[in-house]
Amino acid sequence: SPADIVTLSRADVFVFNGAGMEHWVEDVLNSLNRPDLIRAEASRGVTLLEGEGHEAGDGHDHDADPHVWLDPMNAKIEMANIRDALVAADPEGKAVYDANYEKYAAELDALDAEYRARLNGLENRDVVVAHAAYGYLCHAYGLDQMAIEGLTPDSEPDPARVAEIIDFSKARSVKVIFFEELVSPKVAQSIAAQVGASTDVLSPLEGLTDAEASAGEDYFSVMRKNLEALTAALG
């Protein structure tokens, strides 16, 4: 929006995820003519996965899955990139940024260890989700993502895809169909009803609801809720 452009024109640091998530970044930043603006592409250095529904191998960012942060080790890479940008903008604050990074990097290591301890022993590895946001999480912990729809959360699957998910879920005795709080659960509920499964929330952490923010929820608390949901569904 025009207000966003004004804010960007006054900024010292601009942080964005990258990996094709913010398609407007280059055009907008080039229009600002701000060579002094420090840009932090948080996903720089992360090994990207192909997004479901895309042909592999063409090398374009928009064909990648941008949800890199759902692997805590990728989140640590993103945090380091943001720290480096803050230090570049404010060298006098380096000690504070370094200390905060070390604190939360240790928490990310602990979270990763929790995921490995809880998920590694589970025999069932199939996770049926509303949209293909969980590739990095599943890749990190040896799970198999089966998505009703591709990378766009609010698109509608065609009947053939719904039938495929139903057949898959019946064949694999899937107990839970996951959906997201910020997206309509109707398709997930319909599939669950046809296969005798329940539904539950698995958050892609693309944003917190107002209620979650007011309750003090953050990356770590929501990721642990995801872990509880996955453990219950796969156990």
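Model, not experiment: these values are computed from the prediction.

Chemist: Help me out: how do you make sense of the nonpolar core in this one?
Modeler: If you look at soluble globular proteins, the nonpolar side chains tend to sit buried side by side. Formed by 35 residues in total, the largest nonpolar core has its most connected members in Y115, V127, F178, Y219 and L230. For this core, the secondary structure elements donating two or more residues are α4 (94–119), β3 (126–131), α5 (135–141), β5 (176–179) and α9 (219–234). V128, M146, I166 and I191 belong to the second largest nonpolar core, which has 16 residues in total.

Chemist: It is not clear to me how the pairing of strand β4 (residues 144–149) should be interpreted in this structure. Could you clarify?
Modeler: Looking down a regular strand, the side chains alternate between one sheet face and the other. Across five bridges, the pairing between β3 and β4 is parallel. Of the residues in β4, the one forming a bridge with V129 is A147. For the segment spanning β3, α5 and β4, crossover handedness is right-handed.

Chemist: I would appreciate a short explanation of the sheet that holds β4 in the present structure.
Modeler: Spatially, four strands are ordered β4-β3-β5-β6 in an open sheet, and the strand pairing comes out parallel. The open sheet has two edge strands, β4 and β6 (198–201), and neither has a second partner. Neighbouring strand axes in the sheet, compared pairwise and without regard to direction, differ in orientation by 35 degrees on average. Direction of pairing for β3 relative to β5: parallel, over a ladder of two bridges. The residue bridging V128 from the neighbouring strand is I177, located in β5. Against the sheet, helix α7 (residues 186–195) makes contact with β4, β5 and β6, and its axis sits at roughly 175 degrees relative to β5, the strand it touches most.

Chemist: In this structure, what is going on with the side chain of E217? I would like to understand it.
Modeler: With respect to the helices and strands, E217 occurs in the loop between α8 (210–214) and α9. For E217, the contacting residues outside a window of four places in its chain are L208, E212, V222 and K225.

Chemist: Even after reading the chapter, I still don't get the packing of aromatic side chains, so can you show me in this structure?
Modeler: Two aromatic rings, taken as a pair, are described by how far apart their centres are and by the angle between their planes. Per the counting criterion, the structure on display carries five aromatic pairs. When the ring of Y219 is compared with that of F220, the centres are 5.6 Å apart and the planes differ by 85 degrees; the resulting orientation is edge-to-face. As far as burial versus exposure is concerned, Y219 and F220 are alike and both buried. Taken together through their ring pairs, the aromatic side chains of F14, F16 and W24 make up a single cluster. Above the ring of Y101, the side-chain terminus of R83 is found at 4.4 Å from the ring centroid.

Chemist: Please explain empty space enclosed by the protein as it appears in this structure.
Modeler: One way to see where empty space is left: roll a probe the size of a water molecule over the atoms. Applying the stated criterion across every chain, the model contains one cavity of 30 Å³ or more. Taken as a whole, the largest cavity spans an internal volume of roughly 50 Å³. Lining the largest cavity we find N124, D126, V127, V128, V174, K175, V176, F178, A233 and L234. Taken together, the elements giving at least two residues each to the lining of the largest cavity come down to β3, β5 and α9. No other element matches β3, which puts three residues into the lining of the largest cavity. A class-by-class count of the residues in the lining of the largest cavity yields seven nonpolar, one polar and two charged.

Cut-offs applied
- Residues numbered from 1 in each chain as written.
- Predicted model: local features only at pLDDT ≥ 70, side-chain atom pairs only at ≥ 80, totals over all residues.
- Heavy atoms only, no water.
- Core = buried A, V, L, I, M, F, W, Y, C linked by side-chain atoms within 4.5 Å.
- Buried < 20%, exposed > 50% of the residue type's maximum accessible area, 1.4 Å probe, protein only.
- Helix = DSSP H or I, 4+ residues; strand = E, 2+ residues; numbered from the N terminus.
- Pairing = 2+ DSSP bridges.
- Right-handed = clockwise from strand over helix to strand, strands pointing away.
- Axes fitted to C-alpha atoms, helices over the stretch in contact; angles between N-to-C directions.
- Contact = heavy atoms within 4.5 Å.
- Phe/Tyr/Trp six-rings, centres within 6.5 Å; stacked < 30°, edge-to-face > 60°.
- Lys NZ or Arg CZ within 6 Å of the ring centre and 35° of its normal.
- 1 Å grid on protein atoms, 1.4 Å probe; cavity = no way out; pocket = protein on both sides within 12 Å on 5 of 7 lines; lining within 4 Å.
- Points joined across faces, edges and corners; volume = space filled by probe spheres on them.
- Nonpolar A, V, L, I, M, F, W, Y, C, P; charged D, E, K, R; others polar.

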